[in-house]
Structure formats: structure tokens, C-alpha cells
Amino acid sequence: MTPADTGASTTVGAAASVSDAPETRDSRMAPGGPGYRRMSFALFLAGVATFALLYSTQALLPLISGDLGVTAGDASWTVAAATGGLALFVLPMSALSERFGRRTVMTASLAVAVTVGLLVPFAPSLPALVALRAVQGAALAGLPASATAYLAEEVTPRALVTAIGLFVAGNSVGGMSGRVITGWVAQEWGWRIAVGVIGVVAVACAVAFRMLLPAPKHFTPGSLRPRVLARTVRGHLADPLLRRLYAIGALFMTVFGGVYTVIGYRLAEAPFSLPQGLIGSIFLVYLVGTVSASTAGRLVGRLGRRGALYLGGSTTAAGLLLTLAPSLPLVLLGLVLITAGFFAGHAVASSAVGKTATHGRAQASALYQSAYYVGSSAGSTVGAVAFHSGGWAGTVRVGLLAVLGVVAITAVGSLAARRQAGGSPVRVLSMPR
């Protein structure tokens, strides 16, 4: 505050400004600052638990099919129900997050999800298993949107992409470890013991998360009134940039969900005929996603957001084409490229949502997560149906169409940016660089 504002002399004002300097400095967390490492590790563990639970049955689908006597398409509902439950409930959970706080909602969500995870191994039939998985997905809905909103409020803007990338990296580690662990455990003791082990691992992650995550300092409670929520959601959906980001997230996840739901069936068949343990180990390629997600900030710095999305889409498409080869090394290389392209694109798009939304960040993130997991459910189901009717080539065709959609939407954003650059100086409603 200047002397003119206070009526104080220049000397007094200067002294006050010196003493007040720590208060005017940005108090949000930044790399190397207090609490940043604890926060990063806590949300990393939350990401591990979320993806480990959410996709705990994905690597086990051939065993579930055999044990329960169902087709690949039927078994895929154990994945689609969880992601669909998350997609359906992520917006209501984000509203609770706005009212009761990000940390509170994330803690409650993990508590319910891990409890259901300990019940999943005892499901007596496919309908019961699908129902439990749907409840588990609905519970996990409190994590993704709340975590992104927490980061947008508690982390400096310059560090936001990196921080979200670390959370996404936790997702990739959770997805990888869940599938690898379940693969080897199921080979010895069956799929029920395997998902039980994942439930125990998720309990440990949930406890550590709650102990480590710093209390929020910049959260302001919002309203639970339906009209306020509906107005916020309408505002986000009216923004062309946010709509494009939501579509990009959904399409990227359609590819990823389809590929990793069906890959186990393909590798169990000729010419590969791999045992369940080795099929589960294929998911070690998720480590590539950990790296690509955590370095998304540097990628954006070099190529811009649109350039990073083009690179993610083209890398994913190249990987899809490589997986058509009847050679295991080429299939593995293709999975590496698909995973790297997907996680990079997801980290870029989700961080752009956090930066674009100036209010109702939890709802903006929730809409992205809803679209994202709708894409996962669609990819899991459509990919399995395509595999049943046309083999692996059918699943690849579905993935290539989704990647084409990502490229087309990003191109629309590029054209809109060029038009806006030559027009009026209002806010650019395109993919920011």
C-alpha cells in the first residue's frame, strides 16, 4: 500500500513496505519451498492408490472370463463400471470439495474406495463384481478433480504443470504396479487374491496420504446451492477452450482404455501365448508414462501447448501402428510410444484446464475428469467389442480414429488462435501456448 493510500509519510511508508514484504510475497508452495515435497509425495501416493484400484481388474480380464464363464466384452464391464462410476460422480464430488475442502473430500473418497477394494475379492458373480466396482469408481471420483483444484490453489502458477505432472505420474505408477502385482499374484493364487493384495496396498497409500498432505491455506468455501453449481458448469461448458480440452482428454483416454483393456487377451493368444505373470509385467511400460507426465512442463516450454499435444497424438498413433506387428519386441515398443504419448497429452490438457478456469476450478477439473473417464469407459467397451469382431486390428482402428480426433481438435484451436491474433484484443478462446 502506498503512502497516498494510508496518509503516512514517505519514510514511514517505506519502512512499512519493508516490514510487510513477507506478507506480500506469494505464499503458495513452489519447488524447494516448505511443504512442497510432502505435498508432491502425498498426491503421488493418492494417484498410485486411485489408478491401482480403478484398474485392478484390467490385467486379470482373461482369468475373470475363464473363472466366471463370460466373454471379453462382459468381463470388460469390471473396468468400464469403475471408470463410469467415477465419470458420473466426479461433478457432484467436486461440489462437495468446493464446500467442505479438497483434503477432506480426498480423504473420505480414499477411505470408502479402499474399503470397497477389500470387499471386491469376495464378489460371488459378475453382476456383483460389476456393482462393487461401480461403487468403488464413484468413491474415487473425489480424488482427481479435488487434487487438481488443490494444486491450482496451493501451488504457484509457474510450478502448476510440473505439480500436476507428478500427480499424473502417480497415476501411471499406480496403474503399472497394480497390473504387474495382480499379474504375478494371480498366476499363483488367482484373480481374487490378486485384487485383495491391491486393496491392502491402497490402504497403506491412503493412510500415508492423509498424514503427509499439508492443510490447505488458500481454500475458500463455496456454495452447495444447485443453481450456483449449474451456473458454474454452464459457464465452463460455454468456454470453447475448455470444451476442446475436455474432448481431447476423452479421446486420449479412449485410446488408452481400449488398448490396455484388450492387450491381455492378445498376448495370451498365439503367436505370443504368454502366461499371466508376464502379461502383467507388460504394464511396466507405465514407467514411461511416469517420465513423460512429469516432464510435461518442459515439453510445453519448448513446443507450446498445441505443439505438445500434436507430439503426444503423433507418438500415440505411431505406437498403435507398431502394435500390429506379429513381433513381441515391436508390440512392446508400440506400447511404450502409446503410453508416453498418452500421459504427456493428458498432463498438458489437464494442467491447461487448471490454468484456464478462473473460478469454480473444482467444477472445471471435474468436467475434464468426467469426460476423461467417459473416454476410458467407452474405450474399454468399444475396444473389447472391436477386438471380438475384428481382432487386434479392430482395436487399433478405434484408437487411430480417437487420435485423429485429438489432432483435429488441436488444429481447430490453432486456427482460432491465428484468427484471434489478427482480430480484436479480447481473450483468446483457443489452446493457450
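What counts, and at which threshold
Residues numbered from 1 in each chain as written. Predicted model: local features only at pLDDT ≥ 70, side-chain atom pairs only at ≥ 80, totals over all residues. Heavy atoms only, no water. Helix = DSSP H or I, 4+ residues; strand = E, 2+ residues; numbered from the N terminus. Buried < 20%, exposed > 50% of the residue type's maximum accessible area, 1.4 Å probe, protein only. Lys, Arg positive; Asp, Glu negative; His and termini not counted. Salt bridge = Lys/Arg side-chain N within 4 Å of Asp/Glu carboxyl O. Contact = heavy atoms within 4.5 Å. Arc of directions from axis to C-beta. 1 Å grid on protein atoms, 1.4 Å probe; cavity = no way out; pocket = protein on both sides within 12 Å on 5 of 7 lines; lining within 4 Å. Points joined across faces, edges and corners; volume = space filled by probe spheres on them. Nonpolar A, V, L, I, M, F, W, Y, C, P; charged D, E, K, R; others polar. Expected span 1.5 Å × (residues − 1). Bend = angle between axes of the 7 residues up to and from the residue. Polar contact = N/O pair within 3.5 Å; in protein donor to acceptor, adjacent residues only side chain to side chain. Phe/Tyr/Trp six-rings, centres within 6.5 Å; stacked < 30°, edge-to-face > 60°. Lys NZ or Arg CZ within 6 Å of the ring centre and 35° of its normal. Axes fitted to C-alpha atoms, helices over the stretch in contact; angles between N-to-C directions. Left-handed = near helix turned anticlockwise from the far one by under 90°. Patch = residues over 30% accessible without salt bridge, like charges linked within 9 Å, V, L, I, M, F, W, Y side chains within 5 Å. Areas by Shrake-Rupley, 256 points an atom, 1.4 Å probe, with all protein chains shown as cover. Parallel < 35°, antiparallel > 145°, perpendicular 65-115°, else oblique. Core = buried A, V, L, I, M, F, W, Y, C linked by side-chain atoms within 4.5 Å. pLDDT = per-residue confidence, 0-100.

Colleague: Which parts of the structure should I look at to understand the side chain of Arg-266?
Modeller: Tracing the backbone shows Arg-266 in helix H14 (residues 240-268). No salt bridge is formed by the buried Arg-266; its nearest oppositely charged neighbour, Glu-269, is found at 7.0 Å. Leaving out residues up to four positions away in the same chain, Arg-266 has contacts with Phe-272, Thr-323, Leu-324, Ala-325, Val-331, Phe-387 and Trp-392.

Colleague: What is the right way to look at helix H5 (residues 61-68) in this model?
Modeller: The periodicity of an α-helix, 3.6 residues per turn, causes residues three or four places apart in sequence to face the same way. For H5, the full list of buried residues reads Leu-61, Pro-62, Ile-64 and Ser-65. When H5 is viewed along its axis, its buried side chains cluster within an angular range of 165° and face the same direction. Residues of H5 that are buried sit in contact with helix H6 (72-75), helix H7 (77-100), helix H9 (126-140), helix H12 (191-212) and H14. In the stretch just after H5, Gly-69 is the one whose phi turns positive, near 65°.

Colleague: Would you explain empty space enclosed by the protein in this entry?
Modeller: Using the criterion set out here, one finds 4 cavities of 30 Å³ or more in the structure. Counted as a void, the largest cavity has a volume near 40 Å³. Here the residues of the lining of the largest cavity sort into 4 nonpolar, 4 polar and no charged.

Colleague: Looking at this structure, how should I read H14?
Modeller: Its 29 residues place the ends of H14 43 Å apart at the C-alpha level, agreeing with the 42 Å of an ideal helix rising 1.5 Å per residue. The sharpest bend along H14 measures roughly 35° and falls at Val-262. For H14, the N-terminal cap is Asp-239; the gap from its side-chain oxygen to the backbone nitrogen of Leu-241 is 2.9 Å.

Colleague: So what exactly am I meant to see when it comes to the packing of aromatic side chains here?
Modeller: For any pair of aromatic rings, the description consists of the separation of the ring centres together with the inter-plane angle of the planes. Evaluation of the coordinates by the stated rule reveals 10 aromatic pairs. With a centroid separation of 4.7 Å and 85° between ring planes, the pair formed by Tyr-372 and Tyr-373 is classed as edge-to-face. For the pair Tyr-372 and Tyr-373, a shared accessibility class is recorded, and that class is buried. Three or more aromatic residues joined by ring pairs make a cluster, and in this case those are Phe-256, Tyr-260, Phe-342, Phe-343, Tyr-368, Tyr-372 and Tyr-373. Over the face of the ring belonging to Phe-100 we find Arg-99, whose NZ or CZ atom lies 5.6 Å from the ring centre.

Colleague: For this particular structure, what's the right way to read the pattern of salt bridges?
Modeller: Oppositely charged side chains can form a pair if their charged atoms are brought close together. Applying the stated criterion across every chain, the model contains 2 salt bridges. Here Asp-67 makes a salt bridge to Arg-192, at a shortest N to O gap of 3.9 Å. One end of the pair, Asp-67, is in helix H5; the other, Arg-192, is in helix H12, and 125 residues separate them in sequence. Given a relative accessible area of 45%, Asp-67 falls into the partly exposed group. A relative accessible area of 25% places Arg-192 in the partly exposed class. The residue Arg-102 makes a salt bridge to Glu-153 at a minimum N-O spacing of 2.3 Å. You can see Arg-102 sitting in helix H8 (residues 102-119) and its partner Glu-153 sitting in helix H10 (residues 144-154), a full 51 residues away along the chain. The exposure classification of Arg-102 matches that of Glu-153, with both residues buried.

Colleague: Got a minute to help me understand the layout of surface pockets in this structure?
Modeller: Unfilled space is identified by rolling a water-sized probe across the atoms. As a volume, the largest pocket reaches approximately 200 Å³. Lining of the largest pocket is provided by Ser-27, Arg-28, Met-29, Ala-30, Gly-33, Pro-34, Gly-35, Glu-154, Pro-214, Ala-215, Lys-217 and His-218. Of the residues contributing to the lining of the largest pocket, the split by class is 5 nonpolar, 4 polar and 3 charged.

Colleague: Whenever I open this one, the packing of helix H11 (residues 160-189) against H12 confuses me. Can you help?
Modeller: The angle between the axes and the distance between the axes are what describe a pair of packed helices. Contact pair H11 / H12: the axes reach a minimum separation of 7 Å and the direction vectors enclose 145°. For the pair H11 and H12, the crossing hand works out as right-handed. On the side of H11, the interface is formed by Ser-177, Gly-178, Ile-181, Thr-182, Val-185, Ala-186 and Trp-189, while H12 contributes Trp-191, Ile-193, Ala-194, Val-197 and Ile-198. Taken together, the residues that form the contact of H11 with H12 break down as 9 nonpolar, 3 polar and no charged.

Colleague: What am I meant to see in a nonpolar patch on the surface here?
Modeller: A grouping of Trp-189, Ile-193, Val-197 and Val-201 is seen on the molecular surface, where their side chains present a nonpolar patch of about 370 Å² in accessible area. Among the secondary structure elements, Ile-193 is positioned in helix H12.

Colleague: What am I meant to see in the packing of H8 against H12 here?
Modeller: Where H8 contacts H12, the axes come no closer than 8 Å and their chain directions differ by 160°. The orientation of H8 with respect to H12, classified from their angle, is roughly antiparallel. Crossing hand, H8 versus H12: left-handed. Note on element contacts: H12 touches H8 through Val-195, Gly-196, Gly-199, Val-200, Ala-202, Val-203, Ala-206, Phe-209 and Arg-210, opposite Arg-103, Met-106, Thr-107, Leu-110, Val-114, Gly-117 and Leu-118.

Colleague: Got a minute to help me understand the nonpolar core in this structure?
Modeller: As a rule of thumb, nonpolar side chains are buried together in soluble globular proteins. Membership of the largest hydrophobic core comes to 118 residues, with the highest contact counts inside it found for Met-39, Leu-43, Leu-151, Tyr-260 and Tyr-373. Apart from the residues lying within four places of it in its own chain, the contact partners of Tyr-260 are Gln-58, Phe-283, Val-285, Tyr-286, Leu-335 and Thr-339.

Colleague: Can you walk me through the environment of Val-403 in this structure?
Modeller: Mapped onto the fold, Val-403 is located in helix H19 (residues 361-421). For Val-403, a relative accessible area of 5% translates into the label buried.

Colleague: Quick question: what am I supposed to make of the confidence of the model for the protein here?
Modeller: When pLDDT is low, close inspection of the predicted coordinates is not appropriate. With 89% of its residues at a pLDDT of 70 or more, the protein shows a mean pLDDT of 83. Per-element confidence in the protein ranges from a low mean pLDDT of 36 for helix H1 (residues 3-6) to a high of 95 for H9. The model gives residues 1-24 a pLDDT under 50, and that stretch makes 5 contacts with residues more than four places away or in other chains. Below pLDDT 50 for its whole length, residues 424-433 participates in 33 contacts with residues either more than four positions away or in separate chains.

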